[in-house]
Every structure is written in structure tokens, then in C-alpha cells.
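Single-letter residue listing:
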Amino acid sequence: MLPIALVVWSAIRLPPVWTTVGNALTVLAVTGMIGLGLGGFKPPQDFSDTVFLLVFLCLMAIFPLILMASNHESRKSAQKLFRRATTDSETGLPNRTAFEDAARSAIEGIGPVRTLAYLDFDHFKVVNDTASHEAGDALIKGVASMLAAGLYPEDRVFRIGGDEFALLM
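What counts, and at which threshold
- Once a new chain begins, its residue numbering starts again from 1 and follows that chain's sequence as written.
- Local features in this predicted model are restricted to residues whose pLDDT is 70 or higher, and side-chain atom pairs enter the listing and the counts only when it is 80 or higher, whereas totals over whole chains, interfaces and linings include all residues.
- The basis for every side-chain value is the complete set of heavy atoms in the structure, and neither hydrogens nor water enter the calculation.
- In this description, strands pair whenever DSSP reports at least two bridges between them.
- A run of H or I in DSSP counts as a helix once it spans at least four residues, and a run of E counts as a strand once it spans at least two, with each numbered from the N terminus.
- Fitted lines through C-alpha atoms give the axes, limited to the stretch in contact for helices. The angle between two N-to-C directions lies from 0 to 180 degrees.
- Geometric relationships in this document are graded by angle, where less than 35 degrees denotes roughly parallel, more than 145 denotes roughly antiparallel, 65 to 115 denotes roughly perpendicular, and other angles denote oblique.
- Between two residues, a contact is recorded if the distance between any of their heavy atoms is within 4.5 Å.
- Under the grouping applied here, Gly and all other residues not named as nonpolar or charged are polar, the nonpolar ones being Ala, Val, Leu, Ile, Met, Phe, Trp, Tyr, Cys and Pro and the charged ones Asp, Glu, Lys and Arg.
- The pLDDT value expresses, per residue, how confident the predictor is, ranging between 0 and 100.
- Think of a nonpolar core as a cluster: buried Ala, Val, Leu, Ile, Met, Phe, Trp, Tyr and Cys residues, connected wherever their side-chain atoms sit within 4.5 Å.
- Partly exposed describes any residue whose relative accessible area lies between the buried limit of under 20% and the exposed limit of over 50%, with all areas from a 1.4 Å probe on protein chains only and scaled to the type maximum.
- Grouping into patches uses exposed residues only, defined as over 30% relative accessible area, and leaves out salt-bridged ones; the cut-off is 9 Å for like charges and 5 Å for nonpolar side chains (Val, Leu, Ile, Met, Phe, Trp, Tyr).
- For every accessible area listed, the method is Shrake-Rupley and the probe measures 1.4 Å; residues are considered covered only by the protein chains on display.
- Take a side-chain nitrogen of Lys or Arg and a carboxyl oxygen of Asp or Glu: if they are within 4 Å of each other, that pair is a salt bridge.

Read across the open sheet, the three strands follow the order E1-E3-E2; overall the sheet is antiparallel. Both outer strands of the open sheet, strand E1 (116-120) and strand E2 (156-159), are each paired with one neighbouring strand and no more. Adjacent strand axes in the sheet meet at a mean angle of 20 degrees when their direction is disregarded. Pairing of E2 with strand E3 (residues 164-168), which is carried by four bridges, proceeds in the antiparallel orientation. When the sheet's bridge partners are listed, Phe-158 is paired in E3 with Ala-166.

Next comes the structure, spelled out in C-alpha cells:
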């Protein structure tokens, strides 16, 4: 019973590769023990015993894999939602939510001392109205890439609004 419990636990807690390997080794070990009559098991005597044993082993092997697949998909979906919630879709930069978390950490003294810079482009609406929204989007993307390229690796740039950026340096 303990090997089955460990495989189910690994399906919930560990990466899929580990669960798959652990599941295969557990099924092979249990099959070998039963087939050889080890550990208090009697080897199957007739065809029906063999069929019941194979059905049991298949169920024992499939359940942790289904649990692992479901858990893995759930984790991937949660990561995707988190990334979507903390990333600006236009520029790929962290957004206001990510900035607020990073600023809160900096204020609480977690990590190195930081300097905050705030950039707001005045009259940006004029660019959108005269040149088009596509030109305004291209300008925002260009500014975002220029800001990100000019920072040290530990510095961070955030897009916190339409034409507003924040930098934690």
C-alpha cells in the first residue's frame, strides 16, 4: 500500500517525469513480487487470477497518471493566468499589478534598496489622434524596449498605464 500512496503523492507534488518513472517502477516491483510469490503474495494459479491481477495493476498504474495529468494542466493554467494578470499585453512588460507587488516588497525592505522613476508622456493623445493608434502603439513599444534595454539586469521597468512607465532601479 505504501508504494501506491507514494506514487499518488508524487502525482500531486512532483513533476510529471518523476511521477511517470515512479509509477512504472512501482508497477514493475509489485508485478515482480506477485509473480515470484515474494512479500506474502501467492503467484496467480489460473487464468482468472492472472486477469484480475492484470486489471488491478492497470488500474493501479492509470490512476496516478490521470491525477498527474489533471494536476499538471491545472498548474499550467494557473501559471498562464498569473502571467496574463501581471504582464502588459502590448509591450510584454510587467503591468501595474506587478509594479505594486514589487514596490510593496521594496518598501518593506525585501531585497536591495531601490530607486523609483516615474515616466508619463504628456500630450500622448496627440500622437494617437494625428498619426493613428497604430503609430501610438508602435511608439509605446519602442519606448518600452528602449527602457528595458538600458537597464541593469537587477532593474525593472513596468508599464503602469497607457503612456505611463515606472522603473525600479
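Right, let's talk about the packing of helix H2 (residues 16-36) against helix H3 (residues 47-86) for a bit. Between H2 and H3, the least distance of the axes is 10 Å, while the angle of their chain directions is 170 degrees. The pairing of H2 with H3 is recorded here as roughly antiparallel in orientation. For the pair formed by H2 and H3, the contact residues are Pro-16, Thr-19, Thr-20, Asn-23, Thr-26, Val-27, Val-30, Thr-31 and Ile-34 on the first element and Leu-53, Leu-57, Met-60, Ala-61, Pro-64, Leu-65, Met-68 and His-72 on the second. Classifying every residue of the contact of H2 with H3 gives 11 nonpolar, six polar and no charged.

Here we take up the confidence of the model for the chain. Considering every residue of the chain, the mean pLDDT works out to 86; 99% of them sit at 70 or more. Taking the mean pLDDT of every element in the chain, the minimum, 77, falls on helix H1 (residues 2-13) and the maximum, 93, on E2.

One finds Leu-93, Phe-124, Ile-140, Val-143, Ala-144, Leu-147, Leu-151, Val-157, Phe-165 and Leu-167 forming the largest nonpolar core, which totals 10 residues. Considering every element that reaches this core, the biggest residue donor is helix H6 (residues 133-149), with four residues. Residue contacts for Val-143: discarding those within four places in its chain leaves Phe-121 and Phe-165. Phe-99, Ala-102, Ile-160 and Ala-166 belong to the second largest nonpolar core, which has eight residues in total.

Right, let's get into the environment of Asp-88. Along the chain, Asp-88 turns up in the loop between H3 and helix H4 (96-107). By relative accessible area, Asp-88 is classed as buried at 15%. The spatial distance from the C-alpha of Asp-88 to the C-alpha of Met-169 is 19 Å, given a sequence separation of 81 residues. Excluding residues that lie within four positions of it along the chain, Asp-88 makes contacts with Leu-93, Pro-94, Asn-95 and Arg-159.

This paragraph deals with a nonpolar patch on the surface. On the surface, Val-17, Trp-18, Val-21, Leu-25 and Leu-28 cluster together into a nonpolar patch covering about 580 Å² of accessible area. For Leu-25, the position within the fold is in helix H2.

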